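# An overview of the molecular structure
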Amino acid sequence: MRSSGLAAFLAFFAIVCTIFSAVVTVADFAGHPERLETNLQIVAAAAIAAVVLLLLVRHLRAHEASAPDVPVDPNAPSLGWGAFAGLLGLVIIGVATFQLATRTQAPKPGDFLIFPAGSMFLFAGVLVALPREWVRARAVMSALLMTAFAVTFDGVAFGPGERHFSGGFSVGLVGSGFSPSELIGRIAFGIPAVISTVVAVVAWARVR
């Protein structure tokens, strides 16, 4: 993937964030006018990021158009996507660490599930960025990725503490929501939990 393509994807994401935060600002103003300043700051930050990224896309595309065509190796590591996913995982872990360190109440066991969930992005990013020749390193990273999946699902399905599940469906303008019981929710997460745990064990068994 070219640098301009990755920048365009990030610009699109920033535009979506701008629109979403603007809609939230308008909807939130009636009930919570005291949040207007903070909401506008978020909208401005997202909009500035979108503009900067769009300018970067324009610059990168002009540079790529003037550069000679180079054959693309389909087996080459995806450094751009790897860096994006890895940084996203680090941000999730960093924000979770900060929130747990600054909160006044004692953390619950379920609060720590954000760490293996964030590790999924981190391990996936490292995996796609590793060269194909690094067979053992890729095998270890694949096993770590599946372990993060397994720990997350296992924690939700079988971990201590109360669980609250919700869901719904929509077809056009018609929608419906529902709140299944804790047992049903744990069973629903228990199925992928068992599968991911088995896959993680197999992945570690293949590491040589």
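Structure's up top.
Quick summary incoming for the structure in this document. (Residues numbered from 1 in each chain as written. Predicted model: local features only at pLDDT ≥ 70, side-chain atom pairs only at ≥ 80, totals over all residues. Heavy atoms only, no water.)

### Describing the overall build of the protein chain
Put simply, the test is: Working definition: helices are DSSP H or I runs of at least four residues, strands are E runs of at least two. Numbering for both runs from the N terminus. Residue burial is assigned from relative accessible area. The probe radius is 1.4 Å, only protein chains are included, and a residue is buried under 20% of its type maximum, exposed over 50%, and partly exposed in between. The contact criterion used throughout is that any non-hydrogen atoms of two residues lie within 4.5 Å.
When helices and strands are tallied, the protein chain shows six helices and two strands. For the protein chain, the succession of helices and strands along the chain, N to C, is α-α-α-α-α-β-β-α. Taking all 208 residues of the protein chain together, the buried fraction comes to 26%. Sequence separation of at least 24 residues holds for 67% of the intrachain contacts in the protein chain that already meet a minimum separation of 6.

### Description of the environment of Glu 37
Residue position: Glu 37 is located in helix H2 (residues 36-66). Taking relative accessible area as the criterion, Glu 37 reaches 56% and is therefore assigned exposed. Separated by 12 residues in the primary sequence, Glu 37 and Thr 25 place their C-alpha atoms 9.4 Å from one another.

### Describing the side chain of Thr 18
The test is simple: Pairing of N or O atoms within 3.5 Å defines a polar contact, subject to two protein rules: one partner must be a possible hydrogen donor and the other a possible acceptor, and residues neighboring in sequence count only if both atoms are side-chain atoms.
Position of Thr 18 relative to the elements: it lies in helix H1 (residues 3-29). Assessed through its relative accessible area of 16%, Thr 18 is described here as buried. In terms of polar contacts, Thr 18 uses its side chain to reach the backbone amide nitrogen of Ala 47, at 3.2 Å. In contact with Thr 18, other than residues within four places in its own chain, are Val 43, Ala 46, Ala 47 and Ala 50.

### A look at the packing of helix H4 (residues 114-129) against helix H5 (residues 135-158)
A packed helix pair is summarised by two numbers, namely the angle formed by the two axes and the spacing between the axes. For clarity, the cut-off: Only C-alpha atoms enter the line fits that serve as axes; for helices the fit covers just the stretch in contact. Angles between N-to-C directions range over 0 to 180 degrees. An angle below 35 degrees is treated as roughly parallel, one above 145 as roughly antiparallel, one from 65 to 115 as roughly perpendicular, and anything else as oblique. Left-handed describes a crossing whose near helix is turned anticlockwise from the far helix by less than a right angle; the clockwise case is right-handed. Residue classes follow a fixed rule: Ala, Val, Leu, Ile, Met, Phe, Trp, Tyr, Cys and Pro count as nonpolar, while Asp, Glu, Lys and Arg count as charged, and any other residue, Gly among them, counts as polar.
The N-to-C vectors of H4 and H5 enclose an angle of 160°; their axes lie 8 Å apart at closest approach. In terms of their interaxial angle, H4 and H5 are classed as roughly antiparallel. With respect to the hand of their crossing, H4 and H5 are arranged in left-handed fashion. Every residue of H5 that contacts H4 at Pro 116, Ala 117, Ser 119, Met 120, Phe 123, Ala 124, Val 126 and Leu 127 is listed here: Arg 138, Met 141, Ser 142, Leu 144, Leu 145, Ala 148, Phe 149, Val 151 and Thr 152. By residue class, the composition of the contact of H4 with H5 is 13 nonpolar, three polar and one charged.

### Observations concerning the nonpolar core
Note the threshold: Definition of nonpolar core: a set of buried residues of the types Ala, Val, Leu, Ile, Met, Phe, Trp, Tyr and Cys, connected through side-chain atoms within 4.5 Å.
Of all hydrophobic cores here, the largest spans seven residues; its members are Met 120, Phe 123, Leu 127, Leu 130, Met 141, Leu 145 and Ala 148. Going through the elements one at a time, H4 and H5 are the ones with two or more residues in this core. Among residues more than four places away in sequence, those in contact with Ala 148 are Pro 116, Ser 119, Met 120 and Phe 123.

### Quick look at H5
To be explicit about the condition: To estimate the expected span of a helix, subtract one from its residue number and multiply by 1.5 Å.
End to end, H5 covers 33 Å across 24 residues, agreeing with the expected 34 Å (1.5 Å per residue, within 8%). Turning to H5, its buried residues number three or more, namely Arg 138, Met 141, Ala 143, Leu 145, Ala 148, Ala 150, Thr 152, Gly 155, Val 156 and Ala 157.

### Notes on the environment of Phe 121
Along the chain, the position of Phe 121 falls in helix H4. Residue classification places Phe 121 among the partly exposed positions, given a relative accessible area of 37%. For Phe 121 and Leu 145, which are 24 residues apart along the polypeptide, the C-alpha to C-alpha distance reads 8.4 Å. Excluding its chain neighbours within four sequence positions, the residues that come into contact with Phe 121 are Ala 85, Gly 86, Leu 88, Gly 89 and Ile 92.

### As for the side chain of Ser 119
Of note, Ser 119 is situated in helix H4. In this structure, Ser 119 is in contact with Ile 93 and Ala 148, ignoring residues within four places of it in sequence.

This is a description of form; function is not addressed.
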